[in-house]
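Chain by chain, the residues run as shown.
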Amino acid sequence: MQEISHDVVIVGAGNAGTALAAQLLRLGARDVALLDPSRTHVYQPLLSYVGAGMATTAQTRRPRSALVPDGCTWHTQAVASVDPDAGHLTTTDGTRIAYGDLVLCPGARPDWDALPGSRAAMDEAHGSTNYLPELAPKTWELIRGLRSGTAVFTVPDRPVPCGGVAYKPLFLACDHWRRTGVLDRIEVVALVESPTMFGIPQIDRRLERAAQRYGVQVRTGTSVRAIRAEDQTLETTAGELHYDLLHLTPEHRAPEWIAAAGLSDGAGSFITVDERTLQHPRHRRVWGLGDAADTHSSKSGGALRKQVPVVAYNIAAARMEQPLHEYDGYSVAPITTSRSHLLLAEFDRDGGLQPMFGLRDLARPRPWTLAFDRYLQPQLYWHGILPGRL
Ligand SMILES: Cc1cc2nc3c(=O)[nH]c(=O)nc-3n(C[C@H](O)[C@H](O)[C@H](O)COP(=O)(O)OP(=O)(O)OC[C@H]3O[C@@H](n4cnc5c(N)ncnc54)[C@H](O)[C@@H]3O)c2cc1C
């Protein structure tokens with residue numbers, strides 16, 4: 001067995017891991033390693049626009065080799081297990097890597113087992129999801145091809161990356177159907193699991209208004225229990241529903257090896273962390289952030305703008321027994337209400353609006369916020385956020 005060691009080991013070179021590695025190196029860290037088997041980095045927020053014909057798959061991707069910061073070691077193996085008591089992890093090819101500090105940010109993935117029939121429904125001709133990068137173009141094909149019938153969009157009240165963006169495919173599709181003159185012939189249904197559309201009254205009102213404009217039937221308090229792909233039927237808590245187009249937002253979970261290492265509490269799959277310091281409560285050299293961490297706040301790339309600097313600082317602070325910085329629970333949901341307008345919900349873990357720049361009105365649908373989200377934000381991501389400058 002090959003054995004190596006690094007001062008700081010980061011598992012997952014996605015949004016969180018790449019930005020953290022860059023920030024640690026900027027703070028003077030000398031021996032930082034990233035582990036990620038995937039050769040391609042996907043900017044996930046653009047997938048919503050791929051699913052609406054407003055971006056291409058190529059625009060979401062960059063070779064990871066071009067994004068790993070200078071001075072950082074990239075191991076292309078996946079982590080298979082972690083032994084936090086011994087202070088090392090093992091990769092899928094059997095390499096053992098010892099660490100001074102370990103940061104876990106392997107993201108979250110759809111939990112197909114949580115909803116019977118869901119994976120099969122995505123393989124079938126009428127179902128799709130923007131939450132699998134390879135299926136986002138199919139979402140747009142289905143939307144473009146539908147001239148009449150029933151279109152169903154699910155909005156679960158469960159762990160999902162950037163929960164509110166489940167509304168993006170709904171409103172982008174409705175606007176397309178209206179512009180092409182077929183909206184009147186399509187019954188559009190949003191199955192919303194929570195009691196209101198978003199959970200913050202000001203955002204609820206704006207989403208309800210958008211839904212009314214397109215004649216969307218919003219069925220709140222409705223859970224999907226199973227999908228029968230063979231006859232295009234959803235089994236819900238309010239009865240069965242036939243669909244001609246289904247966009248599914250699947251519940252997500254963290255990788256299994258996290259719970260196997262005893263790093264998640266109870267029945268959950270996500271890494272248990274102190275919601276403020278992002279440190280594991282028992283293993284003080286283990287940290288969690290991003291979609292894989294249980295921070296009791298909504299998972300999003302926007303949340304990482306606040307989480308990454310906290311962990312970058314806290315690793316050194318904990319070693320020097322200094323007070324730790326705290327993540328305040330900030331998160332975002334940019335929601336398109338049409339193909340030309342977007343509202344930006346910024347909120348804290350208690351559901352209070354928390355505008356980062358003090359501009360409360362960003363929560364009102366505007367054209368320039370959509371232009372920012374679609375065109376400027378990806379450039380900031382590649383050139384500012386991932387290199388640790390923002
Ligand atoms: C369709 C969609 C739309 C979204 N829209 C928005 C939006 O508009 N605004 C917003 O703020 N957020 C949005 N998000 C959420 C945002 O993209 C995520 O919150 C963010 O990418 C999380 O970053 P992360 O680093 O935690 O995980 P990821 O970016 O998913 O990265 C995880 C990395 O870990 C690697 N990995 C996994 N397992 C292992 C292993 N065993 N060993 C080593 N490496 C491993 C993976 O290969 C991956 O590269 C959206 C997400 C999706 C899916």
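Predicted, not measured: the structure shown is a model, and the values here were computed from it.

## Some points on the pairing of strand 16 (residues 239-242)
Part 1: Where strand 15 (residues 233-236) and strand 16 come together, 4 bridges link them in antiparallel fashion. Bridging from a neighbouring strand, Thr-233 pairs with His-242 of strand 16.
Part 2: Between strand 15 and the antiparallel strand that follows it, strand 16, lie 2 residues.

## Describing the sheet that holds strand 17 (residues 245-247)
Part 1: The sheet built from 5 strands is open, its strands ordered 10-17-11-12-13 with parallel pairing. At either end of the open sheet lies a strand with only one pairing partner, and these are strand 10 (127-128) and strand 13 (217-220).
Part 2: Of the strand pairs in this sheet, strand 12 (residues 186-192) and strand 13 are connected by 4 bridges, and their pairing is parallel. By the bridge assignment, Val-192 is partnered in strand 13 with Thr-220.

## Notes on the UniProt feature "domain: FAD/NAD(P)-binding" (unreviewed entry) in the protein chain
Part 1: This chain's UniProt record puts "domain: FAD/NAD(P)-binding" (unreviewed entry) on residues 6-296.
Part 2: Across residues 6-296, helical content stands at 22% and strand content at 29%; the span's end C-alpha atoms are separated by 30 Å.

## Observations concerning a nonpolar patch on the surface
Part 1: Among the surface-exposed residues, Trp-368, Phe-372 and Leu-376 lie close enough to one another that they form a single nonpolar patch of about 300 Å² accessible area.
Part 2: Looking at the element boundaries, Trp-368 is found in helix 9 (residues 367-385).
Part 3: On the basis of relative accessible area, Trp-368 is assigned to the partly exposed category, the value being 49%.

Criteria and thresholds
- Residues numbered from 1 in each chain as written.
- Predicted model: local features only at pLDDT ≥ 70, side-chain atom pairs only at ≥ 80, totals over all residues.
- Heavy atoms only, no water.
- Pairing = 2+ DSSP bridges.
- Helix = DSSP H or I, 4+ residues; strand = E, 2+ residues; numbered from the N terminus.
- UniProt positions renumbered as here; feature names shortened; annotations may be inferred.
- Patch = residues over 30% accessible without salt bridge, like charges linked within 9 Å, V, L, I, M, F, W, Y side chains within 5 Å.
- Areas by Shrake-Rupley, 256 points an atom, 1.4 Å probe, with all protein chains shown as cover.
- Salt bridge = Lys/Arg side-chain N within 4 Å of Asp/Glu carboxyl O.
- Buried < 20%, exposed > 50% of the residue type's maximum accessible area, 1.4 Å probe, protein only.

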